[in-house]
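Residue strings, one per chain:
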Amino acid sequence: MTSGHAPQPAPRAAALRGTGGRLLVHALAGHGVDTVFGIPGIDNLEVFRHLGHSGIRTVTPRHEQGAGYAAHGYARVTGRPGVVLTTAGPGLLNAAAAAGQAYSDSVPVLFLSAGPPVGQRPGDGLLHEVKDQSAAMDAICAWSLRATDADLLTELLARAFHDFAARRPRPVHIEIPADVLAAEVSWAGPAGTVPGVARKAAPTERTADPGGIAHAAHLIAGARRPVIIAGGGARAASAAVTRLSQETGAPVVTTANGKGVIDEHHPHALGAALHLRSARDFLRRADVVLAVGTELADTDTWSGPLDLPGDVVRVDIDPGQRHRNQAAARALTGHADTVVPQLLAALDAVRDRTPVSAAYRRELAVVRARIEAEHAGHGARWTGLIDALRAAMPPEAVLTSDSSMVSHYGALKGFRVPRPDAFLHPTGFATLGFALPAAIGALVGRPDLPVVALTGDGGLQFTVNELATAVLLGRPLPVVIVDNGGYGSVRTEQSRLGVPPLGADLPSPDFTALAAAYGAHGVVAASPASVTAEVTAALARQGPTLITIPDHSPNPEDGND
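Residues numbered from 1 in each chain as written. Predicted model: local features only at pLDDT ≥ 70, side-chain atom pairs only at ≥ 80, totals over all residues. Heavy atoms only, no water.

Undergrad: Even after reading the chapter, I still don't get a nonpolar patch on the surface, so can you show me in this structure?
TA: Together, Ile42, Leu45 and Leu127 give the surface a local cluster of nonpolar side chains, amounting to about 320 Å² of exposed area. With respect to the secondary-structure elements, leucine 127 resides in the loop between strand 5 (109-115) and helix 6 (133-138). Taking the relative accessible area as the measure of exposure, leucine 127 reaches 58% and is therefore exposed. (Patch = residues over 30% accessible without salt bridge, like charges linked within 9 Å, V, L, I, M, F, W, Y side chains within 5 Å. Areas by Shrake-Rupley, 256 points an atom, 1.4 Å probe, with all protein chains shown as cover. Salt bridge = Lys/Arg side-chain N within 4 Å of Asp/Glu carboxyl O. Helix = DSSP H or I, 4+ residues; strand = E, 2+ residues; numbered from the N terminus. Buried < 20%, exposed > 50% of the residue type's maximum accessible area, 1.4 Å probe, protein only.)

Undergrad: Looking at this structure, I do not really get the sheet that holds strand 10 (residues 252-254). What am I missing?
TA: Each strand in a sheet pairs with its neighbour through backbone hydrogen bonds, running either in the same direction (parallel) or in the opposite one (antiparallel). Here we have six strands laid out as an open sheet, ordered 11-10-9-12-13-14, and parallel in their pairing. In the strand order of this sheet, the two ends are held by strand 11 (269-272) and strand 14 (330-333), each with one partner. Each strand of the sheet is rotated relative to its neighbour by a mean of 15 degrees, with strand direction disregarded. As defined by bridge partners, strand 9 (residues 226-230) adjoins strand 12 (residues 288-292) across five bridges and the pair is classed as parallel. Note that in strand 12 the partner of proline 226 across the bridge is valine 288. Across the sheet, helix 10 (residues 238-248) touches strand 9, strand 10 and strand 12, and the angle it forms with strand 9 is around 170 degrees. (Pairing = 2+ DSSP bridges. Axes fitted to C-alpha atoms, helices over the stretch in contact; angles between N-to-C directions. Contact = heavy atoms within 4.5 Å.)

Undergrad: Explain the nonpolar core to me, please; I cannot follow it from the model alone.
TA: Note on soluble globular proteins: their nonpolar side chains tend to be buried together. In this structure, Phe37, Phe111, Leu477 and Val479 are the most contacted members of the largest nonpolar core, which totals 46 residues. When residues of this core are traced back to their parent elements, those giving at least two are helix 3 (64-78), helix 5 (96-105), strand 5, helix 16 (435-445), strand 17 (451-456), helix 18 (467-473), strand 18 (477-483) and helix 20 (511-518). Here this core gets eight residues from one element, more than from any other, and that element is helix 16. Aside from chain neighbours lying at most four places away, what touches leucine 477 is Leu436, Ala439, Ile440, Leu443, Val451, Val452, Ala453, Ala470, Ala538, Gly543, Pro544 and Thr545. Counting 34 residues, the second largest nonpolar core, distinct from the first, contains Ala208, Val288, Leu343 and Val350. (Core = buried A, V, L, I, M, F, W, Y, C linked by side-chain atoms within 4.5 Å.)

Undergrad: How do you make sense of the environment of threonine 58 when you look at a structure like this?
TA: Within the secondary structure layout, threonine 58 lies in strand 3 (residues 57-59). Taking the C-alpha atoms as reference points, threonine 58 and valine 36, 22 residues apart in sequence, are found 5.0 Å from one another. Setting aside its immediate chain neighbours within four residues, threonine 58 contacts Val36, Phe48 and Leu51.

Undergrad: What's the story with the pattern of salt bridges in this structure? I'm lost.
TA: Pairing of side chains with opposite charge becomes possible as their charged atoms draw close. Following the criterion strictly, the structure yields 22 salt bridges and no others. For the salt bridge of glutamate 46 with arginine 49, the shortest nitrogen-to-oxygen distance reads 3.0 Å. Taken together, the positions of glutamate 46 and arginine 49, both in helix 2 (residues 45-51) and three residues apart, correspond to about one turn of that helix. Taking relative accessible area as the criterion, glutamate 46 reaches 13% and is therefore assigned buried. Of the charged contacts, one joins glutamate 372 and arginine 416 as a salt bridge, the two residues approaching to 3.8 Å between their closest N and O atoms. Taken together, the residues glutamate 372 in helix 14 (residues 358-392) and arginine 416 in the loop between helix 15 (405-414) and strand 16 (423-424) connect sequence positions 44 residues apart. Residue glutamate 372 is classed as partly exposed on the basis of its relative accessible area, which comes to 27%. The exposure class of arginine 416 is partly exposed, given its relative accessible area of 32%.

Undergrad: Any chance you could explain the environment of leucine 290 here in plain terms?
TA: Note on placement: leucine 290 falls in strand 12. Along the primary structure leucine 290 and proline 226 are separated by 64 residues, whereas in three dimensions their C-alpha atoms are 7.7 Å apart. The contacts of leucine 290, once residues within four sequence positions are left out, are Ile220, Val227, Ile228, Ile229, Leu244, Val313, Val315 and Leu343.

Undergrad: Explain the sheet that holds strand 19 (residues 521-524) here, please?
TA: If you trace the six strands from one edge of the open sheet to the other, you get 16-15-17-18-20-19, paired in parallel fashion. Each of the sheet's edge strands pairs with one partner strand only, and the pair in question is strand 16 and strand 19. Its contacts with the sheet put helix 14 on strand 17, strand 18 and strand 20 (544-550), and the angle it makes with strand 17 is roughly 165 degrees.

See below:
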């Protein structure tokens, strides 16, 4: 039965009037953005005009690469997309390395840049002109598109935030022509909505097909030697992965990006150990391996594909990962935080389950001891430092690291964390200069958490200018520098390959004096005990503290960047 009245159109909100820059800021706020990392320039000033009174916090790093790494750190600790705002040309291209790292690590970062005016021909010699900056970013990001009018801008923003939530979270870039930012526009959507939100598509299906779930559950239920490999895609499913481990008796090995998916103090946690032979040998003997949110890539194993003769069940949001690097007996496509609980429910319905034997449980203790012993051999040089850091840092603290040997061989396995957002490391793409700006982003995103950065003298100098940003932030931030005077990992490879030592031995600046020049604090720590004391003191001191650890070992097989 109907009322006899014609349906009424949805109420309209008052039109938003202003420039494209105002529309952009309004739309960002509507999508829940509370922080933008960016540097003002001549062609994005119309955006900065409106950021100041929008309620969105603007953090101004000293270089766009630092802005990208800070947005990465922010996204990792908050679970929300980071946002970077740059000028056209050099500003955007400065941020490209950070986009590459976010892509490699599957981290949602929105890169926004100005672009040449609509209709502008390449080659006219416009300020900041690039042959095709959007194409350059498209080769690095999940996608890069040009918003040639206000309506398209709101649609692209909607697409970006939809993709962050519904697909594999990777960076995207939207280029907004300078004249679109400056032009007067108006927008009126349904009441209570904001540009780009009203028209965005519904999220894609998060769950896997029931038949696949049932088959995978029967494989897992019948396993006598089950093992779980948790990658970065399992971070949101930490509780479910832990429960699955407990119910099946399966130990958990993680990738670098999956570090902390299960509390590394848990008796089933074998840690971030895929690069260790003892862990790979153990996986080779598994009859069922459940791989959740991982590429099983060379950057995880450090030695090529894993040898997994048993049945492999893969869970991944990306359909392209179903059989990449390792064929699966059953591949489940969907969000790990939905699919793993589906598996748990399906396991509860399996009547004939094979409990792991007491002998297997005893074997796990032996395997764990072998993994720890192998790690101790690789990381002996840094064991004292890593233990000293852990002693100084509260359990809830976040450690950011760099692409350095102290991180690869020391912290990756040796620094135990209780949750997946407590260790931020640049895997895969393996950029240098990540630790300091990522720590700044983590501090901005989670001001309730202590943060420590761990880097080498080479890595720090890629982004040492962000020390100025940290000083203005005014938050406690210990920056621990292992200083061996150059690029130690390069020295190691030169020695291994018989390459003449060229370009790797570089004198370090006086980091204590450099800290003072920036308005920060600087100290030298020559022993593990002094590292613990200095990090403890730095966590109680406002502003950043550079803590230099001299490390001039003559051993060419070791190194630090």
